[in-house]
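Remarks on the overall topology
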Amino acid sequence: MTTIKLTQFSHGAGCGCKIAPDKLEQILSNNKSTSVFQNLLVGNQTNDDAAVWDLANGQALVSTVDFFMPIVDDAFDFGRIAATNALSDVYAMGGKPIFANAILGWPIDKLPLELAAKVIEGAQFVCKQANIPIAGGHSIDSLEPMFGLAVNGLVNNENIKQNSTAQNGDVLFLTKKLGTGIIGTAIKRGLIEDELHAKTCIESMCALNSIGFEIAKLSGVNAMTDITGFGLLGHLVEMAEGANLTAEIDWKNVPYFDFIASYLQKNIIPDNTYRNWNAYEKMVSGLNDMKAFQIMNDPQTSGGLLISINPANQEALIDLFNKNNLQDFIKPIGVFKETSSFKVNVNL
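Now for a quick tour of the structure. (Residues numbered from 1 in each chain as written. Predicted model: local features only at pLDDT ≥ 70, side-chain atom pairs only at ≥ 80, totals over all residues. Heavy atoms only, no water.)

A short note on the pairing of strand β2 (residues 51-54)
Under the convention used in this document: Note on exposure labels: buried denotes an accessible area under 20% of the residue type's maximum, exposed denotes more than 50%, and partly exposed covers the range between, all computed with a 1.4 Å probe on protein chains only. Helix numbers and strand numbers start at the N terminus; a helix is a DSSP run of H or I with at least 4 residues, a strand a run of E with at least 2. Any two strands with at least two DSSP-identified bridges between them are counted as paired.
The side-chain alternation of β2 yields one buried face, formed by V52 and D54, and one unburied face, formed by A51 and W53. In this sheet, β2 lies alongside strand β1 (residues 40-42) in antiparallel orientation, the contact comprising 2 bridges. Within β2, the position partnered with V42 by the bridge is V52. Bridge count for β2 against strand β3 (residues 59-68) is 4 bridges, and the pairing is antiparallel. Paired with V52 across the two strands is V62, which belongs to β3. The hairpin formed by β2 and β3 contains 4 residues between the paired strands, and A56 there has a positive phi angle of roughly 65°.

Some thoughts on the state of the cysteines
What makes a disulfide is a covalent bond joining the sulfur atoms belonging to two cysteines. Formally: The disulfide criterion used throughout: a pair of cysteine sulfur atoms within 2.5 Å.
Under the definition given, this model contains 0 disulfides. No disulfide involves C201; its nearest neighbouring cysteine sulfur is the one of C206, lying 9.4 Å away. The buried category is assigned to C201, whose relative accessible area is 1%.

So, the sheet that holds β3
Put simply, the test is: Every axis corresponds to a line fitted to the C-alpha atoms, with the helix fit spanning only the stretch in contact, and the corresponding angles, defined between N-to-C directions, vary from 0 to 180 degrees. Note on definitions: a residue-residue contact is assigned when non-hydrogen atoms from the two residues lie within 4.5 Å.
Within the open sheet, the 6 strands sit side by side as β1-β2-β3-β6-β4-β5. Their pairing is mixed. Looking at the sheet topology across the chains shown, the edges are occupied by β1 and β5 (134-141). Each neighbouring strand pair of the sheet contributes to a mean axis angle of 20°, computed without reference to strand direction. Here helix α3 (residues 113-129) sits on the sheet in contact with β4 (96-106), β5 and β6 (146-156), set at roughly 170° to β4.

Quick notes on the pattern of salt bridges
Think of it this way: side chains of opposite charge can pair up when their charged atoms draw near. Let me state the cut-off plainly: A carboxyl oxygen of Asp or Glu within 4 Å of a side-chain nitrogen of Lys or Arg is what we treat as a salt bridge.
Across all of its chains, the model carries 6 salt bridges by this definition. K118 is the salt-bridge partner of E121, the closest N and O atoms lying 3.6 Å from each other. On the criterion of helical spacing, the pair formed by E121 and K118 is a turn pair, its members being 3 residues apart in helix α3. E121 gets classed as partly exposed once you look at its relative accessible area, which sits at 41%. A cluster of three or more residues bridged by salt bridges with shared partners is formed by D77, R80 and E203.

Some words on the environment of K161
Put simply, the test is: Two N or O atoms count as a polar contact when they lie within 3.5 Å, although within protein this holds only if one can serve as hydrogen donor and the other as acceptor, and sequence-adjacent residues are included solely when both atoms are side-chain atoms.
Residue position: K161 is located in the loop between β6 and β7 (171-174). Here K161 falls in the buried class, since its relative accessible area comes to 8%. Placed 36 residues apart in sequence, K161 and H197 show a C-alpha to C-alpha distance of 33 Å. Once you skip the residues sitting within four places of it in the chain, K161 turns out to touch A92, M93, A216, V221 and M224. In this structure the side chain of K161 is engaged in a polar contact, spanning 2.8 Å, whose partner is the backbone oxygen of V221.

Observations concerning the packing of helix α2 (residues 75-92) against helix α5 (residues 195-205)
Condition: Our angle categories are set so that under 35 degrees counts as roughly parallel, over 145 as roughly antiparallel, 65 to 115 as roughly perpendicular, and the remainder as oblique. For this classification, the nonpolar set comprises Ala, Val, Leu, Ile, Met, Phe, Trp, Tyr, Cys and Pro, the charged set comprises Asp, Glu, Lys and Arg, and every other residue, Gly included, is treated as polar.
Between α2 and α5, whose axes approach to 8 Å, the crossing angle comes to 40°. Here α2 is positioned oblique relative to α5, judged by the angle of their axes. When α2 is examined against α5, the residues D77, R80, I81 and T84 are found in contact with a partner set consisting of I202, E203 and M205. Here the contact of α2 with α5 is built from residues that sort into 3 nonpolar, 1 polar and 3 charged.

Quick look at the structure:
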C-alpha cells in the first residue's frame, strides 16, 4: 500500500475538482430556491459557504457538504485534508461544528479497502481535534477515489457571517498562505523539489479554521468566507458582487508559500488556474504580473478565512491572530471601496 499514489487514480485534485464558476452559474441559474421558507436564513441565492436554518431559540443550524478527489498521495493525509476543508464551511459562517457524516467513493477493483479505511482514519483524527463525531455516512463504488463530509454546526444568530455583507471601507485579512493548488499539482506530477515543501503545504491544509468561531464574535466583522477552488480572486469577486463593492488588493501583503516561485518557473500550474481566470477576467483590473496572476487564481484546497472588518475594529482581530499564532497574517491585504467598473483592482 505504501507505493500506491492516490493522485494517480483521479483526474482532478482537491478543491480544484470544482465545476468552473461560470459553468456552475449556468447549472444553478434556474435551480435556486424561490420558495419562501421563513427559517431559511441563508440559502443558495448568494453562493455562500453553507446553509443556515433558524432554530427559533436564538441559535441556527449551519449545514454544508464538501467532497473531492485526492490532492495528496497518502490516504491518511487525504482524509485529514478533506475533513478540515469540509469543517471550514461551518467556521466561515461563524459556527461551531457538532457532528459530521462521511461521503466515500472508492474504486474497489483498483484500490485496497485498507486505504479507504486510512482515509476515514484521517478524517476521524481531524474530527477529534474539532471535538465532533463522524456519526454516519454513505459510500459508493466509484471510478475514482473521493471523500468528504456533510457537516452540521450551531451558531448564535447574531454571529452569523456571510460572504455578501461586506461594508464600504472594510479592510480584508487572510489567515492562510496561498499556493496549495500549485504544490498539489507538483505532487501529482511527481515534481516536488523538497519533501518539506509538501509537508508544509499539507499541514496548512490540515490546520482547522476554528478561529472563525471566535472571529464571528468580534464587533465590526461584517463578512467572512473561506478560500477554496475558485482561488483568492474568485472569492473576492463573490464578496464584492454580493456587497455591490469593489475590492482594492495590495499584492505585496498577500501571503503565499515562499518556495512557490521555483515551481511557477517550471510551469507547474493547475489547469483550473486558467479556468478561474476565464470566469473572472472581465471583472478584474491591474493583474499584470504573472506571479500574482498565478497565485491569486490558484485553486486552493482547505484555504484560509477571508475576513472583512471595519478598520475601527481591526486591532481586536489582530490581537486574536497574535493569540492564535497567526502573526504572519496581521497585515490587511486590501480594502473594500465604492463599486467601480471592476469588482477587484490589484495594486502590484
